[in-house]
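# Summary of structural features
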Amino acid sequence: MASAVRLVISGRSIELWPFEESFITDTYLSWLNDRALMRYSRQRHAHHTRDSALAYLRSFDGSSNRVWAVRRRVDRLHIGTMTAYVDPGDDVADIGILIGHPAARGKGLGQEAWGVAMDHLFRGEGIRKVTGGTSALNTAMVRIFLHWRMQLEGIRREQESIDGRPADALLFGMLKTEWEQCHPQPIAAFGERGR
Ligand SMILES: CC(C)(COP(=O)(O)OP(=O)(O)OC[C@H]1O[C@@H](n2cnc3c(N)ncnc32)[C@H](O)[C@@H]1OP(=O)(O)O)[C@@H](O)C(=O)NCCC(=O)NCCS
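So, here's what we can say about the structure. Note that the coordinates shown come from a computational prediction; the quantities given were computed from them, not determined experimentally.

## Focus on the pairing of strand 6 (residues 129–135)
Burial within strand 6 is extensive, with 6 of its 7 residues counted as buried. Direction of pairing for strand 5 (residues 92–99) relative to strand 6: parallel, over a ladder of 3 bridges. Across the sheet, the residue bridging to V92 is K129, located in strand 6. With respect to chirality, the unit in which strand 5 leads through helix 3 (residues 109–124) into the neighbouring parallel strand 6 is right-handed.

Now the structure itself:
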C-alpha cells in the first residue's frame, strides 16, 4: 500500500478495506483455488494465479464497482473479500462475498460483513436496492440472506451444475426503504484508518 491512510468501512468485528495488490498473497490464492470452499461459487471453474487475481483487481479500476478485503478488526487479519457491482444508472448493486481464512470461517463474520456492506451501500452511497445470489445448496449463504431479511425474488431452476448435479440458483434482493425500517440505526461506520 503506497500511503498510510485508507477509507475503511467498519462493523463490530470486521472491516472492509479497499482491496489492493498487497492483499494478493499465496494464502489468498489458496482460498480461491480451494475446491471445497468454492463449491457453490462461479469461481470454481477457474484456476487462479497471481496474474489472474491482479487482472481481476485491475478490472475494477475506473469503474463504479467495488472490491474490498474483509479484515478481522481485532488483529486486522485478512479473512476474505467482498465485491459490489454497482449500476449507477439504476442505483442498484449486486454483492458477493468470500470468507476464506480457516480461522475465520463459521464464526459469524461473513454474516456481519454482508450486513456492513449493505448498510454502507444504502446509507453511504445512496444505493436503492442491493441484490445477491447463490446456489440453493449453499446453506450458509442462504442463511445470511435470510438473516438480513432479504427477499427471495427469483429462482433460476437448475441453473447450475454442482458436483455434476443440477441445482437451482436463488436471487435475493432488498430495498433501501426495507433496510432502514429493519435497521433504523446505522451498523456500518466509514472513516480513515492508518494501515
Ligand atoms: C458463504 C460464506 C460467506 C459464509 O461465511 P462464514 O463467515 O463462514 O459464515 P457465518 O459464520 O457468518 O455463518 C452464516 C450462517 O451460515 C451458517 N453456516 C456457516 N457455515 C456453514 C456450513 N458450512 N454449513 C451450513 N451452515 C453454515 C451459520 O450457522 C450461520 O447461520 P445462522 O446465523 O442461522 O446460525 C463462506 O462460506 C464463503 O465465503 N463461501 C465461499 C464463497 C461463497 O459461496 N460465497 C457466496 C456467494 S455470494
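## So, the sheet that holds strand 7 (residues 151–162)
Judged by pairing direction, the sheet is mixed, and its 9 strands sit side by side in the order 7-8-6-5-4-3-2-1-9 without closing on themselves. The open sheet has two free edges, formed respectively by strand 7 and strand 9 (189–194), since each of these has just one partner strand. When strand polarity is set aside, the average angle formed by the axes of neighbouring strands in this sheet is 30°. Note: strand 6 against strand 8 (residues 165–175), 7 bridges, orientation antiparallel. Following the sheet pairing, V130 is matched in strand 8 by M174.

## Remarks on unusual backbone geometry
If you check the backbone angles, D91 has positive phi at about 55° while not being a glycine. Summarising the element assignment, D91 is placed in the loop between strand 4 (78–87) and strand 5. A positive phi is found at R149, a non-glycine position, where the angle reads about 60°. Residue position: R149 is located in the loop between helix 4 (139–147) and strand 7.

What counts, and at which threshold
Residues numbered from 1 in each chain as written. Predicted model: local features only at pLDDT ≥ 70, side-chain atom pairs only at ≥ 80, totals over all residues. Buried ≥ 20, exposed ≤ 12 C-beta atoms within 10 Å, placed from the backbone. Helix = DSSP H or I, 4+ residues; strand = E, 2+ residues; numbered from the N terminus. Pairing = 2+ DSSP bridges. Right-handed = clockwise from strand over helix to strand, strands pointing away. Axes fitted to C-alpha atoms, helices over the stretch in contact; angles between N-to-C directions.

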